[in-house]
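In case you want the letters, here they are:
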Amino acid sequence: MTERKTSLSRRNFFKNAGIAAGTLVAASTLPAFDTVLYAAVKRNTKGPWYGIAIDIEKCIGCGTCAKTCKIENDVPQEPFFFRSWVEQYTIKKDGSIKVVSPNGGIDGFTQTIPDEEIEKTFFVPKMCNHCAKSPCVQVCPVGATFETEEGVVLVDEKYCIGCKYCIQACPYGCRYFHPDKHVVDKCTLCFHRIKKGMNPACMDNCPTKARMSGDLNDPESAISKFIRTRNVYVLKPHLNTGSKLYYNALNQEVR
Amino acid sequence: MPLHLKRLLMLGVIIVSLFLLLKHVLTPDSFGQYGHFRGKAIDEIATHPIKFIGNKGCVSCHDTIVTMKNEGYHSDLSCEGCHGAGALHADHPKTEKLFKPATREFCGKCHSINKARPEKAITQQNIKDHHPEKNCIKCHNPHQP
């Protein structure tokens, strides 16, 4: 009985209340933790922090990006294995949406829906978003996929055990299982090219210069200016993946 | 300490040391160098061979045709976008020949009519009706269309 009285004494009450109030005041001076802001914060103070920008208003759907990607990176030629591909979105006047991507766009697109039924149609080139908080990296059980300090998401093909968990985790469908190597494969942003100062193969060969990659840390780089001056948007922003693939003139229908 | 506890303790020590030994042997040297991955993988990926060398690689031999292309509507196009990757051809120009696209379908990948192609961005033609008996390159020089 006496013990309980001491623990609830007036002195102790004031002491605990003081500690609690002090902690609250101290915590209120810290910056607010905003997960969305966290994903967009630029990282890597030493060098470049790579991002990608695609201008949908310029894409003509020729599929050169998808074709050159397969050659440059030894991606199997059969359909369904893509590091980079093009989709055609068609929004019909009745409100329905049709998405086609025959062989990833490599053989070109043929318009199948007559003009009268179309409200709007456009091409959406897709590739790895090189997210700053990649869900695919977070789920790897062995540490075979990782983000480099430049913000490029890579797969270590010697360490991958082929469990395919990352394929399920990627919300953008950007990974595939390599049929010969039996490991997961994905876009490297042509890491072997950008390390030598070149552009990724898909960007170099795009005939309308609809796509670019570059350093987001440098405010004067072409990509930084593009993002500042256009209405850019990322895919599935509500998932908070920290996607660094910015689309100009992206319709909300694109998933 | 009772004997059965001593035995259990010894078994525990053996299991833990076996685990530590296996972990030491199986973990690659460079694992954890930069993060939770094999550090050497970065260099391995960075040293993959390059296959698309860019227009600068073409111009040293094919200067007239590159200049012609650069003066026309196709000035923004890369040579390898149509002709394929040029690294092997640049090293062995006699044996490794590049692709010369000549079909109507190839030109149509960019120029066939499709409502999704921005009209201002590209000239479009109905490739089924427009002189169907001829190849496009009979009339249009692809390097100066």
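What counts, and at which threshold
Residues numbered from 1 in each chain as written. Chains lettered and ligands numbered in written order. Predicted model: local features only at pLDDT ≥ 70, side-chain atom pairs only at ≥ 80, totals over all residues. Helix = DSSP H or I, 4+ residues; strand = E, 2+ residues; numbered from the N terminus. Buried ≥ 20, exposed ≤ 12 C-beta atoms within 10 Å, placed from the backbone. Rg over C-alpha atoms; globule rule 2.2 N^0.38 Å. Contact = placed C-beta atoms within 7 Å. Core = buried A, V, L, I, M, F, W, Y, C linked by C-beta atoms within 7 Å. Pairing = 2+ DSSP bridges. Axes fitted to C-alpha atoms, helices over the stretch in contact; angles between N-to-C directions. Nonpolar A, V, L, I, M, F, W, Y, C, P; charged D, E, K, R; others polar. pLDDT = per-residue confidence, 0-100.

1. Concerning the overall build of chain B
Stage number 1. Regarding its fold elements, chain B presents eight helices and zero strands.
Stage number 2. Listing every helix and strand of chain B by position from the N terminus yields α-α-α-α-α-α-α-α.
Stage number 3. Expressed along its principal axes, the backbone C-alpha trace of chain B runs to roughly 100 × 40 × 25 Å.
Stage number 4. Looking at the 145 residues of chain B, the share that counts as buried comes to 18%.

2. Description of the overall build of chain A
Stage number 1. Within chain A, the regular secondary structure consists of nine helices and eleven strands.
Stage number 2. The C-alpha radius of gyration computed for chain A amounts to 24 Å, which surpasses the reference 18 Å derived for 255 residues by more than 25%, pointing to a less compact arrangement than a globule.
Stage number 3. Based on the C-alpha atoms only, the size of chain A along its principal axes is roughly 85 × 45 × 40 Å.
Stage number 4. Out of the 255 residues in chain A, the part that is buried amounts to 40%.
Stage number 5. A sequence separation of at least 24 residues applies to 62% of the contacts in chain A between residues at least 6 apart.

3. Quick look at the nonpolar core
Stage number 1. Core analysis: the biggest nonpolar cluster contains 63 residues, and I54, A66, V153, L154 and L189 of chain A have the highest contact counts within it.
Stage number 2. With residues up to four places along the chain from it excluded, the contact list for L189 of chain A reads Y50, H130, V152, I194, P200 and S213 of chain A.

4. Concerning unusual backbone geometry
All names here are of chain A.
Stage number 1. Although it is not a glycine, D74 adopts a positive phi angle of roughly 55°.
Stage number 2. Assessed through the 14 C-beta atoms surrounding it within 10 Å, D74 is described here as partly exposed.
Stage number 3. The phi dihedral of H130 is positive, around 45°, even though this residue is not glycine.
Stage number 4. For H130, the position within the fold is in the loop between β4 (118–127) and α5 (135–139).

5. A closer look at the sheet that holds β4 of chain A
All names here are of chain A.
Stage number 1. Pairing is antiparallel across the open sheet formed by three strands, whose spatial order is β3-β2-β4. Bordering the open sheet on either side are β3 (97–100) and β4, each of which pairs with just one other strand. Along the sheet, successive strands turn relative to each other by an average axial angle of 20°, direction set aside.

6. What about the sheet that holds strand β9 (residues 211–215) of chain A?
The strands that make up a sheet are held in pairs by hydrogen bonds between backbone atoms, and each pair lies either parallel or antiparallel.
Residue and element names in this part refer to chain A.
Stage number 1. If you walk across this open sheet you meet the four strands as β9-β1-β11-β10, and the pairing is mixed. Taken across any chain shown, the strands that pair with only one partner, and hence form the sheet edges, are β9 and β10 (232–233).
Stage number 2. The pairing of β10 with strand β11 (residues 245–248) spans two bridges and is classified as antiparallel. Among the inter-strand pairings, V232 is bridged to a residue of β11, identified as N248.

7. Topic: the pairing of strand β1 (residues 50–55) of chain A
Residues and elements named next belong to chain A.
Stage number 1. Burial of β1 is extensive: six of the six residues sit out of reach of the surface.
Stage number 2. Side-chain alternation along β1 places Y50, I52 and I54 on one buried face and G51, A53 and D55 on a second face that is also buried.
Stage number 3. Judged from the five bridges that link them, β1 and β9 form a sheet pairing that is antiparallel. Across the sheet, the residue bridging to Y50 is D215, located in β9.
Stage number 4. As defined by bridge partners, β1 adjoins β11 across four bridges and the pair is classed as parallel. By the bridge assignment for β11, D55 is matched with N248.

8. Quick notes on the environment of R104 of chain B
All names here are of chain B.
Stage number 1. Considering the arrangement of structural elements, one finds R104 in helix α7 (residues 104–111).
Stage number 2. Looking at R104, the number of C-beta atoms within 10 Å reads 18, which means it is partly exposed.
Stage number 3. In the structure, R104 is positioned 34 residues away from K138 in sequence and 11 Å away in space, judged by C-alpha atoms.
Stage number 4. The contact partners of R104, leaving out residues within four places of it in the chain, are I127, N135 and C136.

9. Here's the deal with the interface of chain A and chain B
Many analyses report the size of an interface as the accessible area lost when the parts associate.
Stage number 1. At the junction of the two partners, chain A supplies 39 residues and chain B supplies 31 residues.
Stage number 2. Elements that contribute at least two residues to the side of chain A that touches chain B include exactly α4 (64–72), β4, α7 (191–194) and α8 (201–205) of chain A.
Stage number 3. Looking at side-chain class alone, the side of chain A that touches chain B contains 15 nonpolar, 14 polar and ten charged residues.

10. Structural notes on the confidence of the model for chain B
Caution is warranted with low-pLDDT regions, since their predicted coordinates should not be read in detail.
Stage number 1. Taken over all residues, the pLDDT of chain B has a mean of 92, while the share at 70 or more is 100%.
Stage number 2. We note a pTM of 0.85 for the whole complex and an ipTM of 0.87 for its interfaces.

11. Digging into the environment of W85 of chain A
Residues and elements named next belong to chain A.
Stage number 1. Along the chain, the position of W85 falls in strand β2 (residues 84–92).
Stage number 2. Residues W85 and G61, spaced 24 residues apart in sequence, show a C-alpha to C-alpha distance of 9.8 Å.
Stage number 3. Beyond its immediate stretch of four places on either side in the chain, W85 contacts A66, S101, G104, G105 and K126.

12. Quick look at the environment of F14 of chain A
Stage number 1. Along the chain, F14 of chain A falls in helix α2 (residues 10–28).
Stage number 2. For F14 of chain A, a count of 10 C-beta atoms within 10 Å corresponds to the exposed category.

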